[in-house]
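# Reading the structure
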Amino acid sequence: SAPPLVLDNPADIPVWWCCYCLCSGSGFVDCGESLIKAQRKLCCVVDVGELRCMEAVGPASCCLDNTKCLCLQSSTQLTPTKPFIEICGARVCGPPKPDGTKATASGQHFGHIDAECALQGITEELAEAVRKQDYRAALALKKQRDALRMGEEVVVPSSLSMA
């Protein structure tokens, strides 16, 4: 018998959502290992490269559509099991993003926060830490800023992803 089917919840997919409002949205994702990926569910009928049946109600929504083509991701779920709102890569409300927001100075991680915005946010927080004489925070922010400028991948604190 086939292993149990686990469908991706849009809230758990590492996507830079251009806009996602409660149950539907579109955004960018790393091309990664699969160029095209689709998961669709309507009640108890599931399509993930093959047509199968599963429980109509459970951890997955009754209606689910996750589609990826190259670096574009589109998702819809009715009724949402983890509703969230995200605009321009910034999670406004709902569960936390599945991983840190990554950025590089070269901007090659398409689908993640723009490196210039990350640099600007880190620079502003660095200046604020110095003004408050919080030199421990300032040192950590300076290391992040320098790593980003050198083209290294860094995890940008979620407070900066709103920039």
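Please read all numbers here as calculations on a predicted model, not as lab measurements. Along each chain, residues carry numbers from 1 onward, in the same order as the chain's sequence is written. The model is predicted, so local features are restricted to residues of pLDDT at least 70 and side-chain atom pairs to those at 80 or more, both for listing and for counting; the totals for chains, interfaces and linings are taken over all residues. Values shown for side chains rest on all heavy atoms present in the structure; no hydrogens or waters enter the calculation.

### As for unusual backbone geometry
Despite not being glycine, Leu-22 shows a phi value in the positive range, around 65°. A run of DSSP states H or I qualifies as a helix once it reaches four residues; a run of E qualifies as a strand once it reaches two. Both are numbered from the N-terminal end. Note on placement: Leu-22 falls in the loop between strand S1 (16-21) and strand S2 (24-28). Its identity is not glycine, yet Cys-43 carries a phi of approximately 55°, on the positive side. With respect to the secondary-structure elements, Cys-43 resides in the loop between strand S3 (36-42) and strand S4 (45-47). Cys-43 sits in the partly exposed class, given a relative accessible area of 36%. Between buried and exposed lies partly exposed: a residue is buried under 20% and exposed over 50% of the maximum accessible area for its type, with that area taken using a 1.4 Å probe on protein chains only.

### Brief notes about the pairing of S3
With seven bridges connecting them, S3 and strand S6 (residues 63-69) associate as antiparallel partners. By the bridge assignment for S6, Ala-38 is matched with Thr-67. One bridge is not enough; two strands pair if DSSP finds at least two bridges between them. The pairing of S3 with S4 spans three bridges and is antiparallel. Considered in S4, the bridge of Leu-42 is made with Val-45. Between the antiparallel neighbours S3 and S4 lie two residues, among them Cys-43 with a positive phi of about 55°.

### Side note on the confidence of the model for the chain
Taken over all residues, the pLDDT of the chain has a mean of 74, while the share at 70 or more is 71%. Ranking the helices and strands of the chain by mean pLDDT puts S2 first, with 88, and strand S10 (residues 101-103) last, with 45. The pLDDT value expresses, per residue, how confident the predictor is, ranging between 0 and 100. Any pair of residues with heavy atoms lying within 4.5 Å of one another is described as a contacting pair. Within the model, pLDDT remains below 50 along residues 101-113, and this stretch shows 43 contacts once partners closer than five positions in the same chain are excluded. Taken together, the stretch residues 158-163 has pLDDT below 50 and engages in 12 contacts with residues farther than four places along the chain or on a different chain.

### Side note on the pairing of strand S9 (residues 90-93)
Where strand S8 (residues 85-87) and S9 come together, three bridges link them in antiparallel fashion. Paired with Glu-86 across the two strands is Arg-91, which belongs to S9. Turn length for the S8-S9 hairpin, with the two strands adjacent in sequence and antiparallel, is two residues, and the turn residue Cys-88 shows positive phi of about 50°.

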